[in-house]
Amino acid sequence: MSARLRRALVDAGGALVFPLIAIAISFVLGAFIVLATGNNPLTAYSALVRGAVGSPTAIGRTLLGATPLIFTGLAVAVAFRAGLFNIGGEGQLYIGAITAAWLGVTLASLGALSIPLVLLACVVTGFLWGAIPGVLKARFGAHEVITTIMLNYIGINLATYLALKPLRTEGLVPGTDAIDFAARIPFIGLGLGRANYGFLLALLAAVVAYLLLWRTRRGFQIRAVGLSPGAANYAGMGIGINTVLALAIGGAFAAVGGGVEVLGVYGKMTVPFVTNLGFNGIGVALLGRNHPAGVVLGALLFGGLASGAQEMQFSTDVPLQLTNVLLAVILLLVTATKLVELLLGKRARALAGARLEKGLGQ
Amino acid sequence: MTEERTRGGTAGVGAPVVLEMRGVTKTFGPVRANDGVSITLGRGEILGLLGENGAGKSTLMKILYGLYSPDEGEVIVDGERAEIKDPKDAVSRGIGMVHQHFTLIPALTVAENIVLGAEPRKGATLDLARAIRDTEELSERYGLRVNPRTRVADLSVGEQQRVEILKTLYRKARILVLDEPTAVLTPQETEDLFSVLKELVADGLSIILITHKLGELLGISDRITIIRDGKVVETVEAAGTDEGALARLMVGREVLLRVEKTEAKVGEARLSAEGLVVRSGAGAKAVDEIGLEVRGGEILGVAGVDGNGQTELAEALAGTRPAESGVVRLDGEDVTRVGANGRQERGLAYVPEDRGTKGLVQDFSLSENNALKTYDEAPFSKWGWIFPKAMRRRAAEALRAYDVRPPDPDARAGSLSGGNQQKAVLARELSGDPGVIIAAQPTRGVDVGAIEFIHRQLLEQRSQGKAILLISLELEEVRSLSDRIAVIYDGRIVGEVGPDATDEELGLLMAGRTGGEKGA
């Protein structure tokens, strides 16, 4: 028993080695960029850290930023476990957002009771939306990367059209009606600023994803299909049905993310709506090795950097965009394991072991 | 009879030494794949390189061919220290390699394949006429008959192998390495290959032959170097040894090369097929109207050269590939429309030919793999949930019972050796007490010790009254285990013989020549 625990810890440690090295390298590179802008890297980084975790408000901002990314990260991770690349998180999130914006207003009279109903509806629309590329792949062999990318345009534009035409509120601000505060996800309080209980829902979603993948028959099948379609077929599992389900479940996660943004942050769907949450989910999943726990950590890093960047820009002249550079370098290093091997020698790679290929390979 | 043995491979070469590998060491992480290996090769000699899977033969040859660089040790070609960094260096030193899996381009002709990368030019363009002329010249000189204008796609496997050899000769190879060359050949094609090899050494070439088939090595090689656990155990003269002695050296203990078989107690038909037609992934008719019947208590062997429909036959019988037409029956019940899962529940076990991509999920733990087919049944599952603990407990028992090393349910399947992986597959398939067993190449790429274990298990199942269909490319295996042998050629069963059939009989059938056509 304790040997198993030790193995699990070593596994987890090994999985963290690469991302941590990548983060360290990116900060070193970033320091040179800060120097080039004529600022002191230490000042800039201390502002960055202060802005991310330096105060309850800062932490609240980090959690707020991480919340949707956990959902979209899970959308990528679950599909990836079935060997599929879900690039459709953006469109799926919009589908969830418009579902919540419409139903949130419609069911507002139910008060807080409407929240679970609305989110459930997001699960359904996201599931159906996510199933489309799954069916296209299982039935016609259309590559899911292409179809999910294309469905992004359709999803974003469909949601935007609905928000601008049939569901448009009266008044000057383009978008849907504001949802009554009683029917929104409440703030956590505790001085955490605008952080809301959506973050706890995101953590719950990560737990659900974990249980689904490692504790259910369906998850067993999804993982088997992802790791070895040949062996899954040999064992009598349907490749097609698992392809459809993995993408559909991924879609549901992203759509709930969109719903939580609407119910917890904006209270409506504005046009333009928040962008890139779906795409950043890909980075989060990559960083988190497609494991729910990793996704949570990855999303917190993304959220923290975004939050810290505001403070950094405020107290130094370093532009916000520095954090994008840091993230880009981190992702580059996490994906390009060979590059890290070249930079740091084989030992770093050996430390992380074969787990790397496990997370990213194929 | 005196056995002349020489240690370490420095002596015993009558002719001048053309190649020497000295103290070669290569480690992969904690594994010492080669540990101070030294071999010598004389001019005009055939050196057999014998060892179990994972003993380090391939690593050594990859070092020689510049695919790996050694941690220690040196390679000496023609008395000169050779720095071989990549295959190009190896080729320029006159070293040629024929890989187990061919590296030909099917759409190109024989001549084009042979000159590819070293083309004769006329101005800026390929001098095709010269390529054809050169190919013809070479093929005539060494008796490697093949038409330079034929597309490689239209060649038989044996002919493709000749093209591979010609490719190395065209690049002026003086040292030829052949990796398991007979694995894909019929007995007759093997004979042809060996006579070509003799021709080559008579012409002054030197050959290293990698194989695990003991009998073949004795017939063709001059000396045999045995490698075990990355070290040279011994180098022996082929003339002064026998199969038993070689097997002992290779495995490190006494090995039963032939399993003892009791009289068959044949019962009812348990697995049968009628008019079975199956298409391959590419759409070709891979199984063409096959009918067969396996009864309880017997082993029906299916012999044949690789790629004659064995894979599709096994998959269609097991239910992992749809049959286009025909009927499959399990214990009398028509299961043609029943999927793999249903057939497994009806008592069908299936050891697939490819444990790497079918039999096991390499990145699953052994306990997950052990439950790969029963994850949805009690006690592993209830109401859609699965119980890893129960899986682990059951796996631990099964792994111990089938001597899988390590017997650790949490170990990743891919971390095990080939033999242990196969034992893990066997543990899963046989522990459910199936009535019918389809074993497709159950010992491919498995070490001698594990082969013995697997053979015993199959015979044990036979004596329990199970019906066993054994599909194998290894004639020896089919012959020693089967009660009847069906020969498959081009998707059809072309004949059935007893286990005492001669090599020649079997070989002719495997080449598609049925009795009636023999005289014609």
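The coordinates are above.
Note that the structure is predicted; figures quoted are calculated from it, not measured.

Colleague: I tried to follow the overall build of chain A on my own but got confused; where do I start?
Modeller: Summing up its helical and strand segments, chain A has 16 helices and 0 strands in all. Taken over the C-alpha trace, chain A has a radius of gyration of 21 Å; the compact-globule value for 362 residues is 21 Å, and the two agree within 12%. Dimensions of chain A, computed from the C-alpha atoms along their principal axes, are close to 60 × 60 × 40 Å. Every one of the 362 residues in chain A was classed for burial, and the buried ones make up 53%.

Colleague: Whenever I open this one, the sheet that holds strand E15 (residues 285-295) of chain B confuses me. Can you help?
Modeller: The strands making up a sheet are joined through hydrogen bonds of the backbone, oriented either antiparallel or parallel. Spatially, E15-E14-E17-E18 (chain B) is the arrangement adopted by the 4 strands of the open sheet, whose pairing is antiparallel. Across the chains shown, the open sheet's two edge strands, defined by having one partner strand only, are E15 and strand E18 (333-334) of chain B.

Colleague: Hey, could you run me through helix H14 (residues 418-430) of chain B in this one?
Modeller: All names here are of chain B. Taking 1.5 Å as the rise per residue, H14 with 13 residues should run 18 Å; its terminal C-alpha atoms sit 18 Å apart, in good agreement. All of the buried residues in H14 are Gly419, Asn420, Gln421, Gln422, Lys423, Ala424, Val425, Leu426, Ala427, Arg428, Glu429 and Leu430. On its buried face, H14 is in contact with strand E19 (348-351), helix H11 (355-359), helix H12 (366-370), helix H13 (388-401) and helix H15 (448-463).

Colleague: Quick question: what am I supposed to make of the environment of valine 146 of chain B here?
Modeller: Residue and element names in this part refer to chain B. Topologically, valine 146 is positioned in the loop between helix H4 (128-142) and helix H5 (157-170). Residue classification places valine 146 among the buried residues on the basis of 23 C-beta atoms within 10 Å. For the pair valine 146 and alanine 411, spaced 265 residues apart in sequence, the C-alpha separation works out to 49 Å. Setting aside its immediate chain neighbours within four residues, valine 146 contacts Val110, Ser139, Glu159, Arg162 and Val163.

Colleague: Help me understand the pairing of strand E4 (residues 46-50) of chain B, please; the structure alone is not making it clear to me.
Modeller: On any regular strand, side chains alternate: one points to one face of the sheet, the next to the other face. Residues and elements named next belong to chain B. By the criterion of burial, E4 is predominantly enclosed, with 5 of the 5 residues buried. The alternating pattern of E4 places Ile46, Gly48 and Leu50 on one face and Leu47 and Leu49 on the opposite face, and all of these are buried. Pairing of E4 with strand E11 (residues 206-211), which is carried by 5 bridges, proceeds in the parallel orientation. Among the inter-strand pairings, glycine 48 is bridged to a residue of E11, identified as leucine 209. Pairing of E4 with strand E12 (residues 223-228), which is carried by 4 bridges, proceeds in the parallel orientation. Within E12, the residue paired with leucine 47 across the bridge is arginine 223.

Colleague: Help me understand the pairing of E12 of chain B in this model?
Modeller: Residue and element names in this part refer to chain B. With 5 of its 6 residues buried, E12 lies for the most part within the structure. Looking at chain direction, E12 and strand E13 (residues 231-237) are connected through 6 bridges and run antiparallel. Residue pairing across strands places arginine 228 opposite lysine 231, the latter belonging to E13. Between E12 and E13, which follow one another and run antiparallel, lie 2 residues, and aspartate 229 among them has a positive phi close to 50 degrees.

Colleague: Explain the interface of chain A and chain B to me, please; I cannot follow it from the model alone.
Modeller: A common measure of how large an interface is: the accessible area buried when the components associate. Listed by partner, the interface residues are 17 residues for chain A and 24 residues for chain B. If you list the elements that add at least two residues to the side of chain A that touches chain B, you get helix H1 (2-36), helix H8 (217-227) and helix H9 (229-234) of chain A. Of the residues belonging to the side of chain A that touches chain B, the class tally is 7 nonpolar, 5 polar and 5 charged.

Colleague: It is not clear to me how the sheet that holds strand E24 (residues 484-489) of chain B should be interpreted in this structure. Could you clarify?
Modeller: Residues and elements named next belong to chain B. Sheet architecture is open: 6 strands sit in the order E19-E22-E23-E16-E24-E25, paired in mixed fashion. Each of the sheet's edge strands pairs with one partner strand only, and the pair in question is E19 and strand E25 (492-497). Averaged over all neighbouring strand pairs, the angle between strand axes comes to 20 degrees, with direction disregarded. Note: strand E22 (residues 436-440) against strand E23 (residues 467-472), 5 bridges, orientation parallel. Residue pairing across strands places isoleucine 438 opposite leucine 469, the latter belonging to E23. Across the face of the sheet, helix H17 (residues 503-510) comes into contact with strand E16 (299-303), E24 and E25 while running at roughly 35 degrees to E24.

Colleague: I'm lost on the environment of leucine 166 of chain B in this one. Help?
Modeller: All names here are of chain B. Checked against the element boundaries, leucine 166 lands in helix H5. Here leucine 166 falls in the buried class, since 22 other C-beta atoms lie within 10 Å of it. Sequence separation between leucine 166 and threonine 40 is 126 residues, and the spatial gap between their C-alpha atoms is 24 Å. Residues contacting leucine 166, with those up to four places away along its chain left out, are Ile114, Thr135, Leu138, Ser139 and Leu144.

Reading guide: rules and limits
- Residues numbered from 1 in each chain as written.
- Chains lettered and ligands numbered in written order.
- Predicted model: local features only at pLDDT ≥ 70, side-chain atom pairs only at ≥ 80, totals over all residues.
- Helix = DSSP H or I, 4+ residues; strand = E, 2+ residues; numbered from the N terminus.
- Rg over C-alpha atoms; globule rule 2.2 N^0.38 Å.
- Buried ≥ 20, exposed ≤ 12 C-beta atoms within 10 Å, placed from the backbone.
- Pairing = 2+ DSSP bridges.
- Expected span 1.5 Å × (residues − 1).
- Contact = placed C-beta atoms within 7 Å.
- Nonpolar A, V, L, I, M, F, W, Y, C, P; charged D, E, K, R; others polar.
- Axes fitted to C-alpha atoms, helices over the stretch in contact; angles between N-to-C directions.

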